[in-house]
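Secondary and tertiary structure notes
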Amino acid sequence: MHELLDKIDSPADIKELSMEQLRQLCREIREYMVECCAVNPGHLGSSLGAVELIVGLHYVYNTPEDKLVFDVSHQAYAHKILTGRREAFRQNRKKDGISGFTRMDESPYDAFGSGHSSTSISAAFGLAKAAELQGTERKAVALIGDGSLSGGLAFEGLTHAGDSASDILVVV
């Protein structure tokens, strides 16, 4: 049993947690991922390393209104667990289960269907530009790893975003 995690059904549920409770939640998320991946392997390492980042982003940003865009989604397990798919995560990457990657048709919290590397910055920039053109305050965050950052598409996204006033945050 996970004292805090079992009570989390959406990112809104973590907004009132104390710093100590957030640390406990991160421990519980890691334990849960290890439990699930012990019987159903997946992209565990990168997801374990991104737990605090994902909890922090969902704590600070107003998802799903604000958009989190994962590059290849290898680090998205905590995101899936926090966004109403905790029980479904037990069937991660199985037939009739949830995807191992973010999928727009799976959840409104999945802003972009990733699976190819180096695309998150351009996708987040497009979402930020759309918010700007619509006159909304919606934020866009691109999460990208060092391997994906070396791709040409990532550099194109950085070039376009860097030449714009659009509200985008890139997290490496």
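Structure's up top.
Residues numbered from 1 in each chain as written. Predicted model: local features only at pLDDT ≥ 70, side-chain atom pairs only at ≥ 80, totals over all residues. Heavy atoms only, no water.

1. Focus: the nonpolar core
Going by this rule: We define the nonpolar core as a collection of buried residues of types Ala, Val, Leu, Ile, Met, Phe, Trp, Tyr and Cys that are connected through side-chain atoms lying within 4.5 Å of one another. Throughout, exposure labels follow a simple rule: accessible area from a 1.4 Å probe, protein chains only, divided by the maximum for the residue type, with under 20% read as buried, over 50% as exposed, and the rest as partly exposed. Secondary structure elements follow DSSP: runs of H or I of four or more residues count as helices, runs of E of two or more count as strands, with numbering from the N terminus. Contact criterion: two residues are considered in contact whenever any of their non-hydrogen atoms come within 4.5 Å of each other.
In terms of nonpolar packing, the biggest core is built from 31 residues, with Ile14, Leu25, Ile29, Val55, Leu82 and Phe89 touching the most fellow members. Elements supplying a minimum of two residues to this core: α1 (19–39), α3 (51–60), β1 (67–70), α4 (77–85) and β2 (140–143). Here the element with the most residues in this core is α1; it accounts for eight residues. Discounting chain neighbours no more than four positions away, the residues touching leucine 25 are Leu4, Leu5, Ile8, Ile14, Leu17 and Leu82. In this structure, Val69, Phe125, Ala128 and Ile144 belong to the second largest nonpolar core, which totals 13 residues.

2. Regarding the sheet that holds β2
Selection rule: Only strands joined by at least two bridges in the DSSP assignment are considered to pair. Lines fitted to C-alpha atoms define the axes, with helix axes restricted to the stretch in contact, and inter-axis angles between N-to-C directions lie between 0 and 180 degrees.
Pairing within the open sheet is parallel, and its three strands lie in the order β1-β2-β3. Strand pairing shows two members of the sheet lacking a second neighbour, β1 and β3 (168–171), which therefore form its edges. Averaged over all pairs of adjacent strands, the angle between their axes in this sheet comes to 20°, without regard to strand direction. Across the sheet, α3 lies against β1, β2 and β3, angled at about 175° from β2, the strand it touches most. Sheet strands touched by helix α5 (residues 120–134): β1, β2 and β3. Its angle to β2, the strand with the most contacts, is close to 180°.

Structural measurements only, silent on function.
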